[in-house]
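As a plain string of letters, each chain reads:
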Amino acid sequence: MQNGSVILRRAGCLLGLLLLAACREPRPRPNVLFITLDTFRADRISAATPALSRLAREGVRFDAADSPVPLTLPAHASLLSGLLPLHHGLRNNGIGTFPANRDTLATMFSRAGYRTGGFVGSFILDHRFGLDRGFERYDDEIARDASDGSGTFEAERPAGEVIGRALSWLRQTDARPFFAWVHLYDAHAPYAPPSPYPQTYDGEIAYVDAQVARLLAAVDRNNTIIVVAGDHGESLGAHGELTHGLLLYEPTLHVPMIVAAPSLAAHVVRTPVSTTDIAPTIASLAGTTFANAVDGRDLAADLRAKREPRAEAVYSETKYPATFGWSELASLRSGAAKLISAPSPELYDLDRDPGETVNVMTAQRRTYRDLTAHLEQLRATSVAAAPATIDAETRAKLASLGYVAPSGSQTVTPRDPKTVVQLFRSFEESTALINAGRSAAAVASLDQLVREDPGNHVFRETLARALRQTGDRQRAIALYREAVALAPNDADAWYNLASALQEAGDDRESETALGEAAKRDPGRPEVHNIRGTALAERGDLPAAENEFRSVIAADPQNGRAYNNLGNVLRAMNRNGEAAEAYRKSIVLAPRYADPLNGLGALLVAGGQARESLPYFDAALRLSPDFFEAELNRAIALQVAGNREEAAAALRRLLARLPSSAAYDRQRVACKTLLQQLSSDMRR
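Keep in mind it's a predicted model, so treat the numbers as computed, not measured.

### Comments concerning the overall build of the protein chain
Next, step 1: Across its full length, the protein chain holds 28 helices and 15 strands.
Next, step 2: Expected size for 683 residues packed as a compact globule is a radius of gyration near 26 Å; at 29 Å, the protein chain falls within 12% of this value.
Next, step 3: Along the first, second and third principal axes, the C-alpha atoms of the protein chain reach 125 × 70 × 50 Å.
Next, step 4: Within the protein chain, the fraction of its 683 residues that count as buried is 53%.
Next, step 5: Contacts in the protein chain between residues at least 24 apart in sequence constitute 65% of all its contacts with a sequence separation of at least 6.

Printed below as a string of structure tokens:
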């Protein structure tokens, strides 16, 4: 009986434990908020950034985190996947797609039953580049300059708008935990935060911090993993570089990195780490893992134990200089030793020389050899394809079209980027002028750049862009042809040539160039825009409509495609659909004058001439030299019965029209209408 009593007591205890286990609530899965700060230097986390500074004090702050690449798209591909650019294949902005067979945090959390939302601040991270996969909501609705057909990726939106979208999504009722990625682009040049912040880099930093505070206040810190990381830094003149992308010194690689989670005690990690470590660490902290091996390390166990992670080499690269015909760069950091592989290699001791001013390669030959060998082993694992050789068909087309590289343009060895920082600085300043609408002011400096670096196709294309915007179309086309000859595998060079040729009315050569652009970048929506415009001008309206709808299917935020579709639908007398397309274009591209002119013309044709005038006025405010809109406004005044005002408007337009033959159609129309008005007013 005694033994039986013991057994019963033990059974009772066991039953009690089981009951306790059954009654205990399962621990909820944590939410994950991942904030990426574009172009954000690590040394800007300070008293001037109270929200980020507080998060750094309360969480785990990494004092030596480096980006694997100082460019937005490839850096974010690494942040979200844990892969080096060597292994995900995105090496520059504006080209390529993240591989469909590799996971990101979004695909992983989606499989785990999370609701997933991504909110980005720049067109550089548009869904076309593949980072949207796995997100239920990928908010990349960013107004773009639809009047610029150059295919640049400069469009952005302020942090306040990005965070407003994210907050609306976070407030939605949903029982599932969330994974939210919020990208803030503001610190990227040009530095133009809203009032009252100063128009400087640090003004942008302060504005970003204030917006981060809004986001942090909206989440439950008791059940949310919060991670903040810079994608890359900003040189601000260090080593002669104004911004980033060209060089691999610490001002563009060293970034803030903070992890705050309910399971982690506040502390500082001083071991050098890579931002590729973030994705596997987030996954582990949330109780999941990547299906396949990644380059980044899972640091979760070290963070929970408050111990320094094992020291490992940190890789970085930039292929951006190769875009200009210069040498690409790669770096490898091991502890305080940092190698920069370049035509003239550099080795720095970051403990003694954090400014990277004293090259110790000669004094530390063994360290140099060891790091070089390790770096070459890493680079040999790259999955990215080498640039294709020029195929026979392309070579024949180049020859038949007379595309010849300019004399003196061939260089035996690519130039070391650190030797051309002044050229790059001048290029950045010229590009800023173009983007600010001051193309004429950029022409002289770009001319000088072309003379100083004749083999640089980017300098030629940029000069051509400036000339095209100032009306010198023929010289622009000549430069675009030279650029194609210098870089026949560059999709942008072919695309820009095709666009300029189409504007000049050379549809045959434009179609040839367009085919070459499509061959190199088949997913590029702008190719369909140009092809559709050419078809419309030839009168094949149904085929043109198909091309524009193809653009919209691939790029629903393309205001230019909606405007072009509106033009075609208006020509096909499908006025209701045309009006809808124009209005959509106006919403997507509020600073694009063409759809305002199109909608105004549609109203005039529909007997609503008076109602059309505000649309023409709005178009002319955006584009004062939009002569077609000015002519249409005069026609609207005439139809509305304001004959004297219409005649005065036509006379002003005649006096303003440039003398070139490109404006003969408007000139003839003005004179014809003035004769009609004169005759009508004499009656």
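### Describing the sheet that holds strand 8 (residues 254-255)
Next, step 1: Overall, mixed pairing links the three strands, which are arranged 8-3-11 in an open sheet. Edge strands, defined here as strands with exactly one partner in the open sheet, are strand 8 and strand 11 (273-274).
Next, step 2: As paired strands, strand 3 (residues 65-66) and strand 8 are joined by two bridges and run antiparallel to one another. From the neighbouring strand, Asp66 faces strand 8, where its bridge partner is His254.

### Concerning the environment of Ile258
Next, step 1: Position of Ile258 among the secondary structure elements: in strand 9 (residues 257-260).
Next, step 2: Counting along the chain gives 64 residues from Ile258 to Pro194, while the straight-line C-alpha distance between them is 26 Å.
Next, step 3: Each residue touching Ile258, except ones within four places of it in the same chain, is listed here: Leu52, Leu55, Ala56, Val60, Ile226, Val227 and Val228.

### Examining the confidence of the model for the protein chain
Next, step 1: In the predicted model, the protein chain carries a mean pLDDT of 89, and 90% of its residues have values of at least 70.
Next, step 2: Between residues 1-23, whose pLDDT stays under 50, and residues either more than four places distant or in other chains, the model counts zero contacts.

### Looking at unusual backbone geometry
Next, step 1: With an omega of 0 degrees, the peptide bond between Ala189 and Pro190 qualifies as cis.
Next, step 2: Here Pro190 lies in the loop between strand 6 (178-184) and helix 7 (201-216).
Next, step 3: Of note in the backbone geometry, His239 takes a positive phi value of approximately 60 degrees without being a glycine.
Next, step 4: Looking at where His239 falls in the secondary structure, it is placed in the loop between strand 7 (224-230) and helix 8 (250-253).
Next, step 5: The exposure class assigned to His239 is partly exposed, which follows from its relative accessible area of 31%.

### A closer look at helix 19 (residues 507-520)
Next, step 1: For helix 19, spanning 14 residues, the distance from its first C-alpha to its last is 20 Å, which sits close to the expected 20 Å at 1.5 Å a residue.
Next, step 2: Three or more residues of helix 19 are buried, namely Glu509, Ser510, Ala513, Leu514, Glu516, Ala517 and Arg520. Projected down its long axis, helix 19 carries its buried residues within an arc of 160 degrees, all on one side.

### So, the sheet that holds strand 14 (residues 337-341)
Next, step 1: Sheet architecture is open: four strands sit in the order 12-13-14-15, paired in antiparallel fashion. At either margin of the open sheet sits one strand with a lone partner, and together these are strand 12 (314-318) and strand 15 (346-349). Across the sheet, the mean angle separating the axes of adjacent strands is 15 degrees when strand polarity is ignored.
Next, step 2: Alignment of strand 14 against strand 15, held across four bridges, turns out to be antiparallel. Across the sheet, Leu339 pairs through a bridge with Leu347, a residue of strand 15.

### Considerations on the packing of helix 17 (residues 473-486) against helix 18 (residues 491-503)
Next, step 1: One way to put it is that helix 17 packs onto helix 18 with a least axis distance of 9 Å and a crossing angle of 155 degrees. As far as their axial angle goes, helix 18 and helix 17 are roughly antiparallel. For the pair helix 17 and helix 18, the sense of crossing is left-handed. Between helix 17 and helix 18, the contacting residues are Arg473, Ile477, Tyr480, Arg481, Ala483 and Val484 on the first element and Ala493, Trp494, Asn496, Leu497, Ala500, Leu501 and Glu503 on the second.
Next, step 2: Class assignment for the residues of the contact of helix 17 with helix 18 results in nine nonpolar, one polar and three charged.

### A look at the pattern of salt bridges
Next, step 1: Using the criterion set out here, one finds 50 salt bridges in the structure.
Next, step 2: Put simply, Arg44 and Asp43 hold a salt bridge, and the shortest N to O gap is 3.1 Å.
Next, step 3: The class for Arg44 is buried, based on a relative accessible area of 18%.
Next, step 4: Of the residues examined, Asp43 reaches a relative accessible area of 43% and is grouped as partly exposed.
Next, step 5: Two residues, Glu545 and Arg549, come together in a salt bridge whose shortest N-O distance is 2.9 Å. Residue Glu545 and its partner Arg549 are located together in helix 21 (residues 541-554), separated by four residues, close to a single helical turn.

### Things to note about the pairing of strand 12
Next, step 1: Burial within strand 12 is extensive, with five of its five residues counted as buried.
Next, step 2: Of the two faces of strand 12, both are covered, the one formed by Val314, Ser316 and Thr318 as well as the one formed by Tyr315 and Glu317.
Next, step 3: As judged from the five bridges shared by strand 12 and strand 13 (residues 329-334), these two strands associate in the antiparallel manner. Of the residues in strand 13, the one forming a bridge with Glu317 is Ala330.

### So, the packing of aromatic side chains
Next, step 1: A complete count under the given rule lists 21 aromatic pairs for this structure.
Next, step 2: Summarising the aromatic geometry, the rings of Phe135 and Phe179 are spaced 6.0 Å apart at their centres and angled 20 degrees between planes, so their arrangement reads as stacked. You can see Phe135 sitting in the loop between strand 4 (115-119) and strand 5 (137-139) and its partner Phe179 sitting in strand 6, a full 44 residues away along the chain.
Next, step 3: A relative accessible area of 10% means that Phe135 is categorised as buried.
Next, step 4: Seen from their ring centres, Phe324 and Phe459 are 6.0 Å apart, and the 65 degrees between their planes marks the pair as edge-to-face. Of this pair, Phe324 sits in the loop between helix 11 (320-323) and strand 13 while Phe459 sits in helix 16 (residues 457-470), and the two are 135 residues apart along the sequence. With respect to burial, Phe324 and Phe459 carry one shared label: buried.
Next, step 5: Here a set of aromatic residues connected by ring pairs shows up, and it is made of Phe109, Tyr114, Phe135, Tyr138, Phe179 and Trp181.

### Comments concerning helix 17
Next, step 1: Across its 14 residues, helix 17 extends 20 Å between first and last C-alpha, which sits within 8% of the 20 Å expected from 1.5 Å per residue.
Next, step 2: Buried within helix 17 are the following residues: Ala476, Ile477, Leu479, Tyr480, Ala483, Val484, Ala485 and Leu486.

### Comments concerning the side chain of His76
Next, step 1: Tracing the chain through its elements places His76 in helix 3 (residues 72-81).
Next, step 2: Leave out the neighbours within four places in its chain, and His76 touches Thr36, Asp38, Leu125, Leu131, Trp181, His183 and Asp231.

### Some words on the pairing of strand 9
Next, step 1: Residues Met257 and Val259 of strand 9 are buried on one face, and the alternating residues Ile258 and Ala260, pointing to the opposite face, are buried as well.
Next, step 2: Two strands pair when backbone bridges link them, and strand 2 (residues 60-62) and strand 9 are joined in this way by two bridges, in the antiparallel orientation. Residue pairing across strands places Arg61 opposite Ile258, the latter belonging to strand 9.
Next, step 3: Two elements, strand 7 and strand 9, share four bridges in a ladder whose sense is antiparallel. Its bridge partner being in strand 9, Ala229 is matched across the sheet by Met257.

What counts, and where the lines are drawn
- Residues numbered from 1 in each chain as written.
- Predicted model: local features only at pLDDT ≥ 70, side-chain atom pairs only at ≥ 80, totals over all residues.
- Heavy atoms only, no water.
- Helix = DSSP H or I, 4+ residues; strand = E, 2+ residues; numbered from the N terminus.
- Rg over C-alpha atoms; globule rule 2.2 N^0.38 Å.
- Buried < 20%, exposed > 50% of the residue type's maximum accessible area, 1.4 Å probe, protein only.
- Contact = heavy atoms within 4.5 Å.
- Pairing = 2+ DSSP bridges.
- pLDDT = per-residue confidence, 0-100.
- Expected span 1.5 Å × (residues − 1).
- Arc of directions from axis to C-beta.
- Axes fitted to C-alpha atoms, helices over the stretch in contact; angles between N-to-C directions.
- Parallel < 35°, antiparallel > 145°, perpendicular 65-115°, else oblique.
- Left-handed = near helix turned anticlockwise from the far one by under 90°.
- Nonpolar A, V, L, I, M, F, W, Y, C, P; charged D, E, K, R; others polar.
- Salt bridge = Lys/Arg side-chain N within 4 Å of Asp/Glu carboxyl O.
- Phe/Tyr/Trp six-rings, centres within 6.5 Å; stacked < 30°, edge-to-face > 60°.

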